[in-house]
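An overview of the molecular structure
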Amino acid sequence: MQERTYDVAVIGGGAAGMAAAVEVRRQGLSCAIVERENQLGGILMQCIHNGFGVQEFKQELSGPEFAEEFMDLVADANTDVFLSTTVDSIEESEHGKELFCSPGTRPAGVFTAGLAQRLVNVEGYIPGKNVVIVGSGDIGLIMARRMTWVGAKVHGVVEIQPYPAGLTRNIVQCLNDFKIPLYLSHVVSRIDGQNRVEKVTVSPLVNGIPDEEQSFEIPCDTLLLSVGLVPENELSENAGVDISPITSGAVVDSTMMTSIPGIFSCGNVLHVHDLADYAAEEARRTGAYAVAWIQNKKPNRQVRIKAGANVRYVSPGMINPESPDKMYLRTLIVKNNAQLVMKVNNTIVKEKKLSHVQPSEMVSVKLTPKDVENWTLEPDSILEVSVQ
Amino acid sequence: MSAAETKEMICISCPIGCRMTVYEENGSIVVKGNKCGRGKVYGEEEYLAPKRMVTCTVATDSEEFPRLPVRTTASIPKETIDELLQELYSMKITLPVKRGSSLIENYHDTGVDIIATMTLPGRA
């Protein structure tokens with residue numbers, strides 16, 4: 001067993017992990033990335049579609065290209081990288097936190113759109129010829145186009161909500177371009193088949209209940225599930241980190257620190273991001289906060305952020321009024337010309353126009369020092385963020 | 001084409017997805033609702049002759065890395081996509097390959113190249 005000591009250990013070498021590590025190194029502290037796969041890049045390596053890097057690199061790249069740009073930064077920053085190494089647990093010791101790692105990868109799981117993406121793009125195996133997709137998450141939409149382009153027939157995308165779960169651009173270029181029907185407010189109510197899927201039954205929701213009379217069947221041999229990503233947090237949970245029931249990620253303060261001092265969270269393990277660019281941006285700030293914590297720079301005051309009307313969650317969960325920073329939120333509603341309203345003690349402190357909001361599109365808001373200079377803070381003040 | 005046709009569209013130049021209205025007026029194309037210059041270009045093209053980026057994979061001679069991801073350097077006319085895909089699927093690439101290297105240069109005189117989007121090593 002080897003033992004190494006670093007100021008900061010980054011678990012996971014995807015977009016967020018690499019961005020966080022590069023920032024820590026830029027500020028002169030030692031840092032290592034522990035990655036369970038045999039290469040850096042995480043999920044980006046199977047996301048061969050374009051749309052990455054517009055914010056970070058001012059050009060439109062595919063996932064692997066975005067990852068390689070960051071790999072170069074990681075190499076330039078002289079960051080130690082441990083590949084094919086899985087962190088089993090995080091434990092407290094007299095020397096600080098200890099990661100217990102074991103070499104090897106994890107076994108494959110269930111058949112999801114993400115797994116199909118890996119089979120087609122990385123392993124070169126086409127999982128079926130006649131496809132129905134359950135859920136309209138981005139990976140499902142991207143896979144609708146990908147399956148069409150490898151010669152399969154995609155018969156439809158079935159979404160339980162009355163609005164799509166994925167980005168609008170993906171509805172346009174992955175479904176509309178190929179005339180793939182999107183069944184909103186519909187569910188797959190039945191799957192039939194002997195050794196292989198033979199057909200599914202699709203039912204419209206009427207008053208929230210699948211309507212049997214209006215149901216129809218679609219013959220198919222493959223069903224891809226694209227019902228949203230869930231942050232992977234066994235490790236943080238076992239370490240005792242408080243997890244939000246809404247995001248399924250850690251609860252973090254204004255410095256992206258979890259309920260356990262010295263453990264920080266960012267990227268898709270904190271909350272699922274629309275774009276790798278946003279995850280990298282958030283991770284860079286997190287790296288800087290980890291460095292500040294090590295240097296004993298802690299916020300004097302933090303104000304809790306509350307998700308108000310029509311807001312599903314705001315991340316992080318606190319703001320430092322002396323050094324306000326960016327926050328991400330998701331709405332519960334679909335609306336054009338919406339208004340973001342921030343209140344402290346029921347007094348409006350900031351408003352922002354949002355031309356269009358929908359739950360699948362993350363909203364980012366950055367508070368400036370000017371925004372907070374007139375706040376009157378009581379000991380129990382809360383910043384409430386709502387959309388109307 | 002009738003001059004009065006107005007198309008509602010969603011820009012796909014980036015993931016923001018601006019909702020735009022595009023129509024013809026006095027012989028020129030008017031784009032409204034775009035937040036940046038790329039939206040104007042996309043709106044005009046989508047109105048007259050739609051183009052798309054293509055991303056896919058091609059076979060390699062490696063067992064460890066059987067597929068090489070590739071993309072077009074710019075969007076290409078929609079009607080040429082199927083032919084390009086067939087051409088790419090019939091290729092077999094010998095590794096190693098460096099990211100950015102061209103598999104096809106100036107595809108059908110469009111000025112668009114097809115490039116590798118991942119660096120893959122050769123046999124060790």
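A brief structural summary. Since the structure is predicted, the reported quantities are computational estimates derived from the model, not experimental observations.

Helix and strand content of chain B: 2 helices and 10 strands. Its C-alpha atoms give chain B a radius of gyration of 18 Å, more than 25% over the compact-globule value 14 Å for 124 residues. C-alpha atoms of chain B, sized along the principal axes, occupy 60 × 25 × 20 Å. In chain B, which comprises 124 residues, the proportion classed as buried is 43%. Residue pairs in contact within chain B that sit at least 24 positions apart in sequence constitute 42% of those at least 6 positions apart. Side-chain charges in chain B split into 15 positive and 17 negative, and the spacing between the mean points of these groups amounts to 8 Å.

With that settled, the discussion passes to the overall build of chain A. When you go through chain A residue by residue, the secondary structure sums to 8 helices and 23 strands. The globule rule puts the C-alpha radius of gyration for 388 residues at 21 Å, and the 22 Å found for chain A is close to it. Dimensions of chain A along its principal axes, counting C-alpha atoms only, are 60 × 55 × 40 Å. Put simply, of all contacts in chain A between residues at least 6 apart along the chain, 58% involve residues at least 24 apart. Carbon and sulfur atoms make up 49% of the accessible area of chain A, which totals about 18200 Å². Across chain A, 34 positive and 47 negative side-chain charges occur, with their mean positions spaced 5 Å apart.

With that out of the way, let us pick up the sheet that holds strand 23 (residues 382–387) of chain A. Residues and elements named next belong to chain A. Read across the open sheet, the 5 strands follow the order 18-16-23-20-21; overall the sheet is mixed. Two strands close off the open sheet at either side, each with one partner strand: strand 18 (318–319) and strand 21 (347–357). Judged from the 2 bridges that link them, strand 16 (residues 303–307) and strand 18 form a sheet pairing that is antiparallel. By the bridge assignment for strand 18, Arg304 is matched with Met318.

Let us now look at the sheet that holds strand 22 (residues 363–366) of chain A. Residue and element names in this part refer to chain A. With respect to topology, 3 strands assemble into an open sheet ordered 17-19-22, the strand pairing being antiparallel. Edge positions in the open sheet fall to strand 17 (311–315) and strand 22, since each of these has one partner strand only. Strand-to-strand twist across the sheet, computed as the mean angle between neighbouring axes with direction ignored, equals 25 degrees.

Further remarks concern empty space enclosed by the protein. In this structure the tally under the stated criterion is 2 cavities of 30 Å³ or more. The space that makes up the largest cavity amounts to roughly 80 Å³. Forming the boundary of the largest cavity are 13 residues, of which Ser254, Pro316, Met318, Ile319 and Asp325 of chain A lie nearest the centre. Where the lining of the largest cavity is concerned, the elements lending two or more residues are helix 7 (276–294), strand 18 and strand 19 (326–331) of chain A. For the second largest cavity, the calculated volume is near 40 Å³. Along its surface, the second largest cavity is lined by Ile48, His49, Asn121, Ile142, Arg145, Arg146 and Trp149 of chain A together with Thr55 of chain B. At 4 residues, helix 4 (residues 138–149) of chain A tops the list of elements feeding residues into the lining of the second largest cavity. Of the residues that constitute the lining of the second largest cavity, the class distribution is 3 nonpolar, 3 polar and 2 charged.

As a measure of interface size, the accessible area lost when the parts come together is often cited. Taken residue by residue, the interface counts 34 residues in chain A and 30 residues in chain B. Taken over both partners, the interface formed by chain A and chain B buries close to 2700 Å², and the fraction arising from carbon and sulfur atoms is 52%. On the surface where chain A and chain B come into contact, there are 7 salt bridges. Between Asp177 of chain A and Lys78 of chain B there is a salt bridge, with its nearest N and O atoms 3.1 Å apart. Breaking the side of chain A that touches chain B down by element, the ones donating at least two residues are strand 3 (50–52), strand 4 (61–62), helix 2 (63–76), helix 3 (113–123), helix 4, helix 5 (168–175) and strand 21 of chain A. Counting residues per element, the side of chain A that touches chain B draws most heavily on helix 2 of chain A, at 5 residues. Within the side of chain A that touches chain B, the residues separate by chemical class into 12 nonpolar, 11 polar and 11 charged.

Right, let's talk about the side chain of Arg146 of chain A for a bit. Tracing the backbone through its elements, the reader meets Arg146 of chain A in helix 4. With sequence-adjacent residues up to four places away left out, Arg146 of chain A is seen in contact with Ile48, Val120 and Asn121 of chain A together with Thr55, Cys56, Thr57 and Tyr89 of chain B.

This part covers the packing of helix 1 (residues 15–26) of chain A against helix 7 of chain A. Residue and element names in this part refer to chain A. Relative orientation of the contacting elements helix 1 and helix 7 amounts to 35 degrees, with a least axis distance of 7 Å. The hand of the helix 1/helix 7 crossing is right-handed. In contact with Ala15, Ala16, Ala19, Ala20, Glu23 and Val24 of helix 1, helix 7 contributes Ala276, Ala279, Ala280, Ala283, Arg284, Gly287, Ala288 and Val291. Taken together, the residues of the contact of helix 1 with helix 7 sort by class into 11 nonpolar, 1 polar and 2 charged.

On to the packing of aromatic side chains. Residues and elements named next belong to chain A. Per the stated rule, a full pass over the model turns up 9 aromatic pairs over all chains. Ring centres of Tyr6 and Phe82 lie 6.3 Å apart, and the angle between their planes is 75 degrees; on these two criteria the pair is classed as edge-to-face. Of this pair, Tyr6 sits in the segment before strand 1 (8–11) while Phe82 is found in strand 5 (residues 80–82), placing the two residues 76 residues apart along the sequence. Judged by relative accessible area, Phe82 falls into the partly exposed class, the value being 21%. Measuring from ring centre to ring centre gives 5.4 Å for Phe57 and Phe70, while their planes differ by 65 degrees; the resulting arrangement is edge-to-face. Pair noted here: Phe57 is in the loop between strand 3 and strand 4 and Phe70 is in helix 2, with a separation of 13 residues, a long-range link. Taken as a pair, Phe57 and Phe70 share a single burial class, namely buried.

Conventions we followed
- Residues numbered from 1 in each chain as written.
- Chains lettered and ligands numbered in written order.
- Predicted model: local features only at pLDDT ≥ 70, side-chain atom pairs only at ≥ 80, totals over all residues.
- Heavy atoms only, no water.
- Helix = DSSP H or I, 4+ residues; strand = E, 2+ residues; numbered from the N terminus.
- Rg over C-alpha atoms; globule rule 2.2 N^0.38 Å.
- Buried < 20%, exposed > 50% of the residue type's maximum accessible area, 1.4 Å probe, protein only.
- Contact = heavy atoms within 4.5 Å.
- Lys, Arg positive; Asp, Glu negative; His and termini not counted.
- Charge placed at Lys NZ, Arg CZ, Asp CG, Glu CD.
- Areas by Shrake-Rupley, 256 points an atom, 1.4 Å probe, with all protein chains shown as cover.
- Pairing = 2+ DSSP bridges.
- Axes fitted to C-alpha atoms, helices over the stretch in contact; angles between N-to-C directions.
- 1 Å grid on protein atoms, 1.4 Å probe; cavity = no way out; pocket = protein on both sides within 12 Å on 5 of 7 lines; lining within 4 Å.
- Points joined across faces, edges and corners; volume = space filled by probe spheres on them.
- Nonpolar A, V, L, I, M, F, W, Y, C, P; charged D, E, K, R; others polar.
- Buried area = accessible area lost by both parts, 1.4 Å probe.
- Salt bridge = Lys/Arg side-chain N within 4 Å of Asp/Glu carboxyl O.
- Left-handed = near helix turned anticlockwise from the far one by under 90°.
- Phe/Tyr/Trp six-rings, centres within 6.5 Å; stacked < 30°, edge-to-face > 60°.

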